[in-house]
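The residues making up each chain are set out below.
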Amino acid sequence: DTAVSQTPKYLVTQMGNDKSIKCEQNLGHDTMYWYKQDSKKFLKIMFSYNNKELIINETVPNRFSPKSPDKAHLNLHINSLELGDSAVYFCASKGQGSGNEQYFGPGTRLTVT
Amino acid sequence: LAKTTQPISMDSYEGQEVNITCSHNNIATNDYITWYQQFPSQGPRFIIQGYKTKVTNEVASLFIPADRKSSTLSLPRVSLSDTAVYYCLVGGYTGGFKTIFGAGTRLFVKA
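Residues numbered from 1 in each chain as written. Chains lettered and ligands numbered in written order. Predicted model: local features only at pLDDT ≥ 70, side-chain atom pairs only at ≥ 80, totals over all residues. Heavy atoms only, no water.

K.L.:
Would you mind going over the sheet that holds strand β5 (residues 53-56) of chain B with me for this structure?
P.N.:
Note on sheets: strands pair through backbone hydrogen bonds, and any given pair is parallel or antiparallel. Residues and elements named next belong to chain B. Here four strands make up an open sheet; going across it, the order is β2-β7-β6-β5 and the pairing antiparallel. In this open sheet, the two strands that pair with only one neighbour each are β2 (18-23) and β5. The sheet shows a mean angle of 15° between the axes of neighbouring strands, direction not considered. Both β2 and strand β7 (residues 70-75) contribute to a ladder of six bridges, which runs antiparallel. Its bridge partner lying in β7, Cys22 is registered against Ser71. (Pairing = 2+ DSSP bridges. Helix = DSSP H or I, 4+ residues; strand = E, 2+ residues; numbered from the N terminus. Axes fitted to C-alpha atoms, helices over the stretch in contact; angles between N-to-C directions.)

This is the structure in structure tokens:
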């Protein structure tokens, strides 16, 4: 059973489109994250939710909107996609009292043409 | 948040012990030290975490000196499959665990 899953694994789309990436975790964790890893392989935190509440919101364009329908899901919606949005997006989750021990999903490779 | 500094890359041979040191001079009192491993086209994988002294699990050991300004990840008897990027993170709870990944250390294990 996959602990943290993301869909889709690959996403190719054109500039200006709107797309969503879904994330689900079956670990019973309270906290979920979205990260972006660019072509230079730097991994940057974008958002974090704790029990459906937004607790970390980095300097991310407001075209990116996370949504957490319940604590097992954290989706990422991106409006008006730009070339610079091309990257691998990782979802992660963390349990309470586990320090910084996060579990990452397999990633979604987004290519904007 | 405490910034971390690690070597950009390291080479090793199969069967050797590999030690990767991370500097974090500005570590805060409530910060944990956490190490992740990332293979190409995969998400980072948690390896080990510690607060002070030494922590050991089935994969690695983590050595933390008393001043906590650095830490060393020790991988015993590496194999080719340990070739990956290793990230050192430092962070604590401040309304949420904000994680900053540095550039990591690219470890190449040769036969």
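K.L.:
Sorry, what's going on with the interface of chain B and chain A here?
P.N.:
Many structure descriptions define interface size as the accessible area lost when the parts assemble. Listed as interface residues are 21 residues of chain B and, on the opposing side, 21 residues of chain A. Here chain B and chain A share zero salt bridges between them. Of all the secondary structure elements, the ones that give two or more residues to the side of chain B that touches chain A are β3 (32-38), β4 (45-50) and β8 (84-91) of chain B. Among the elements that take part in the side of chain B that touches chain A, β3 of chain B stands out by supplying four residues, more than any other. Classifying every residue of the side of chain B that touches chain A by side-chain character gives eight nonpolar, eleven polar and two charged. (Contact = heavy atoms within 4.5 Å. Salt bridge = Lys/Arg side-chain N within 4 Å of Asp/Glu carboxyl O. Nonpolar A, V, L, I, M, F, W, Y, C, P; charged D, E, K, R; others polar.)

K.L.:
Any chance you could explain the environment of His24 of chain B here in plain terms?
P.N.:
All names here are of chain B. Residue placement: His24 occurs in the loop between β2 and β3. Sequence-wise, His24 and Pro76 are 52 residues apart; in three dimensions their C-alpha atoms are separated by 23 Å. Not counting chain neighbours up to four residues away, the residues in contact with His24 comprise Lys3, Thr4, Ile33, Arg68, Lys69, Ser70, Ser71, Cys88 and Val90. Only 2.9 Å separates the side chain of His24 from the backbone oxygen of Arg68, close enough to count as a polar contact. A distance of 3.0 Å separates a polar atom in the side chain of His24 from a polar atom in the side chain of Ser71. (Polar contact = N/O pair within 3.5 Å; in protein donor to acceptor, adjacent residues only side chain to side chain.)

K.L.:
What is the right way to look at the pairing of strand β8 (residues 73-78) of chain A in this model?
P.N.:
Where a strand is regular, its side chains alternate between the two sheet faces. Residue and element names in this part refer to chain A. The alternating pattern of β8 places Leu74, Leu76 and Ile78 on a buried face, while none of His73, Asn75 and His77, on the opposite face, is buried. Relative to β8, strand β3 (residues 19-25) runs antiparallel, the two sharing four bridges. Pairing of Glu24 across the sheet is with His73, part of β8. Across five bridges, strand β7 (residues 64-70) lies against β8 in antiparallel orientation. Looking at β8, one finds that Ser65 is bridged to His77. Taking the residues that link successive antiparallel strands as the turn, the β7-β8 hairpin has two residues. (Buried < 20%, exposed > 50% of the residue type's maximum accessible area, 1.4 Å probe, protein only.)

K.L.:
What am I meant to see in the state of the cysteines here?
P.N.:
Think of a disulfide as a covalent bridge from one cysteine sulfur atom to another cysteine sulfur atom. This structure, assessed with the given rule, holds two disulfides over all chains. Between the sulfur of Cys23 of chain A and that of Cys91 of chain A lies a disulfide, 1.8 Å long from S to S. Residues Cys23 of chain A and Cys91 of chain A are joined through a disulfide that is left-handed, its torsion about the S-S bond being -75°. Placement of Cys23 of chain A in strand β3 and of Cys91 of chain A in strand β9 (residues 87-94) is noted, with a sequence separation of 68 residues between them. Given the relative accessible area of 1%, Cys23 of chain A is considered buried. What makes Cys91 of chain A buried here is its relative accessible area of 0%. Disulfide partner of Cys22 of chain B: Cys88 of chain B, at an S-S distance of 2.2 Å. Because the sign of the S-S torsion sets the handedness, a value of about -80° for the bond joining Cys22 of chain B and Cys88 of chain B places this disulfide among the left-handed ones. Here Cys22 of chain B is found in strand β2, whereas its partner Cys88 of chain B is found in strand β8, with 66 residues between them in sequence. A relative accessible area of 0% places Cys22 of chain B in the buried class. (Disulfide = S-S within 2.5 Å.)

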